[in-house]
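Working through the structure, step by step
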Amino acid sequence: MPFYAYLLIIAALVIGFVLGGIVRQRADADKVNNAQMTAAKIVEDALKEGETIKKEKIVEAKDEIYNSKKEFDKEIKDRRSEIQLLEKRLIQREELLDKKSEVIEKKEESSNRRVKEIEQKEEKLEKLHQQQINELEKISKLTFEEARQILLDDVEKQISRETALLIKNKEIEAKEEAEKKAREIITYAIQRCSADHVAESTVSVVNLPSDEMKGRIIGREGRNIRTLEMLTGVDLIIDDTPEAVILSGFDPVRREIARIALERLIVDGRIHPARIEEMVKKAETEVETKIRELGEQALFETNVIKLHPDLVRMIGRLNYRTSYGQNVLRHSIEVAHLAGIMADELGANSRIARRAGILHDIGKAIDHEVEGPHVQIGVDVLKKYKESQEIIHAVEAHHNDVEPTTVEAVLIQAADAISAARPGARRETLESYTKRLEKLEKIVTSFTGVERCFAIQAGREIRIMVKPDEVDDLKMVHVAREIAKQIENDLEYPGQIKVNMIRETRAIEYAK
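The model shown is predicted, which means the values in this text are computed figures rather than measured ones.

Our focus in this paragraph is the overall build of the protein. In terms of helices and strands, the protein carries 14 helices and 8 strands. Here the protein, with 512 residues, has 29% of them falling under the buried criterion. Across the protein, contacts joining residues at least 24 apart in sequence account for 62% of those joining residues at least 6 apart. If you sum the accessible surface of the protein, you get close to 35,700 Å²; carbon and sulfur atoms cover 54% of it.

Written as structure tokens, this is what we have:
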């Protein structure tokens, strides 16, 4: 290819590049123009739309302002209406208050006038009253204070008499009601508790198969009888009584041991000191077992639980102890039953009542071993075995050694008296019985105004005749109470004593 051809090609390429650059520049210029025009149009459209939105917002704001103003005007109008109503009411109230104040002022003026009039009348009445007092003092020759004192004394006497009469009537009503209720409860308790009463003695009789046995019991030179008496502490009385030996002793336990040992020796036939000692030991073991069984049986009968074993044994020993011929164990069981029944009727604690009833004479189980009254011995024993204070107090108060402070303590007193007062329950010697009645009558006759007295119903009632000119109806109540207190303090007696006082006034006149 020739050189000019290459030049043409190169020139064509250069021209092509130049023309392409010119064309591209024009195309870019057109694009820029188009973009500027588009941007200007967009700005113009945006300005128009912004102007439109601005106008709309201005319109909306104006509407909202108008509505708010309208509501505000309405609220102000309502408030003004309320204020006007309140003003009207206040004005009306002020008018009412003014009217009331006028009425009150008028009433005050009227009241002041009346007060002044009353004060004037009171002054006049006071003057008239003083004049009357002066006139009365002149007529009666007594000062006002003296007449006042006389009147007060008369009123006081009258009131005292009426008070005494009222107290007497109330006491009579209360006693009648209480006595009726007490009789019902005691009768119910006695009906539910029946017991046999057997008089105990200080001797036991042992039957013999023949009179020849007496010589064998005595033994050679009396060694057998001496051994038996020494081991048991009981006296053997062998006399002319056919086929019988008498055991005498004040300790029932020892007497029972001697009886059992002697009966077994008689059955065995071998009677000598060594055999006697063996039988006495066996009898002691048997009696000890029997004592514990009797105590447990007594607790089972009275429904008393959780008692110390030593106390159970002491309760069993009461079977061999008597009081005025009454078996103390049976008496204690009966007191427990009676006290429990009465406690149930009265709503008291029947558990405490039964427990105190079975333990109330526990001191009698060891009173021959320990010095002191059986009540104090029993209290010390119960304290030793940690019994509760309610039980100890009931035992301590059952003979009024201390004043009873609980219902259960009073019930133990009543049950003890009921059990002891049953017909045939106890016996007394004629001498002690006579001395007690004589002392009872002596206590009563020591009071002023007593004319005669008679102990009746085996000493359970004292009937007193009083002098009518020295003791009136009201004073009788006080005298009877004092006599009862004196009897309680100075006399020992089973059960209770009724103080029956009689006052009789007689008027005698003759028609001629």
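Next up on the list: helix H10 (residues 374–384). For an α-helix the count is 3.6 residues per turn, leaving residues at separations of three or four pointing the same way. Buried within H10 are the following residues: His374, Val375, Ile377, Gly378, Val379, Val381 and Leu382. Among the structural elements, helix H7 (309–317), helix H9 (350–359) and helix H11 (389–397) are those in contact with the buried residues of H10. The positive-phi residue at the C-terminal boundary of H10 is Lys386, with phi of around 60°.

A few words on unusual backbone geometry. One non-glycine residue with positive phi stands out, namely Asn303, at about 60°. Locating Asn303 in the fold gives a position in the loop between helix H6 (273–302) and H7. Positive phi outside glycine occurs at Lys306, with the angle close to 55°. Mapped onto the elements, Lys306 comes out in the loop between H6 and H7.

Another aspect to go through is the sheet that holds strand E7 (residues 461–466). Pairing within the open sheet is mixed, and its 3 strands lie in the order E6-E7-E8. Each edge of the open sheet carries a strand with a single partner, namely strand E6 (450–456) and strand E8 (498–503). Across this sheet, the average inter-strand angle for adjacent strands is 20°, counted without regard to direction. Pairing of E6 with E7, which is carried by 6 bridges, proceeds in the antiparallel orientation. Counted as the bridge partner of Ile456 is Glu461 from E7. Packed onto the sheet, helix H14 (residues 473–490) meets E7 and E8 and runs at close to 150° relative to E8.

Let us now look at a negative patch on the surface. Taken together, the side chains of Glu94, Glu95, Asp98, Glu102, Glu105, Glu108 and Glu109 make up a negatively charged region of the molecular surface. Of note, Glu94 is situated in helix H1 (residues 3–140).

Residues Ile10, Val14, Ile15, Val18, Leu19 and Ile22 make up a contiguous nonpolar surface patch of roughly 520 Å² in combined accessible area. Under the relative-accessibility criterion, Leu19 is labelled partly exposed at 49%.

To continue, consider the confidence of the model for the protein. For the protein, mean pLDDT is 80; residues scoring 70 or higher make up 88% of the total. Summarising per-element confidence for the protein, the mean pLDDT is lowest in strand E4 (residues 322–323) (72) and highest in H9 (89). Contacts from residues 196–200, a stretch scored under 50 in pLDDT, to residues over four places away or in other chains number 14 contacts.

Core analysis: the biggest nonpolar cluster contains 41 residues, and Leu311, Met314, Ile315, Ile358, Leu359 and Leu382 have the highest contact counts within it. Where this core is concerned, the elements lending two or more residues are H6, H7, helix H8 (328–346), H9, H10, H11 and helix H12 (407–421). The contact partners of Met314, leaving out residues within four places of it in the chain, are Ile362, Ala365, Ile366, Val381 and Tyr385. If you look at the next biggest cluster of nonpolar residues, it comprises 26 residues, including Leu208, Leu228, Val245 and Val287.

Taken as a whole and assessed by the stated rule, the structure comprises 17 salt bridges. Put simply, Lys282 and Glu278 hold a salt bridge, and the shortest N to O gap is 3.5 Å. Of this pair, Lys282 and Glu278 both sit in helix H6, 4 residues apart, roughly one helical turn. Between Glu288 and Arg313 there is a salt bridge; the shortest N-O distance is 2.3 Å. With a gap of 25 residues between them, Glu288 in helix H6 and Arg313 in helix H7 connect regions that are remote in the sequence. Accessibility expressed as a relative area gives 28% for Arg313, which makes it partly exposed.

A few words now on the side chain of His374. Along the chain, His374 turns up in helix H10. On the basis of relative accessibility, which here comes to 17%, the residue His374 falls in the buried class. At 3.2 Å, the side chain of His374 forms a polar contact with the side chain of Asp361. When sequence neighbours within four positions are dropped, the list of residues in contact with His374 reads Asp361, Gly363, Lys364, His398 and His399.

What counts, and where the lines are drawn
Residues numbered from 1 in each chain as written. Predicted model: local features only at pLDDT ≥ 70, side-chain atom pairs only at ≥ 80, totals over all residues. Heavy atoms only, no water. Helix = DSSP H or I, 4+ residues; strand = E, 2+ residues; numbered from the N terminus. Buried < 20%, exposed > 50% of the residue type's maximum accessible area, 1.4 Å probe, protein only. Contact = heavy atoms within 4.5 Å. Areas by Shrake-Rupley, 256 points an atom, 1.4 Å probe, with all protein chains shown as cover. Pairing = 2+ DSSP bridges. Axes fitted to C-alpha atoms, helices over the stretch in contact; angles between N-to-C directions. Patch = residues over 30% accessible without salt bridge, like charges linked within 9 Å, V, L, I, M, F, W, Y side chains within 5 Å. Salt bridge = Lys/Arg side-chain N within 4 Å of Asp/Glu carboxyl O. Lys, Arg positive; Asp, Glu negative; His and termini not counted. Charge placed at Lys NZ, Arg CZ, Asp CG, Glu CD. pLDDT = per-residue confidence, 0-100. Core = buried A, V, L, I, M, F, W, Y, C linked by side-chain atoms within 4.5 Å. Polar contact = N/O pair within 3.5 Å; in protein donor to acceptor, adjacent residues only side chain to side chain.

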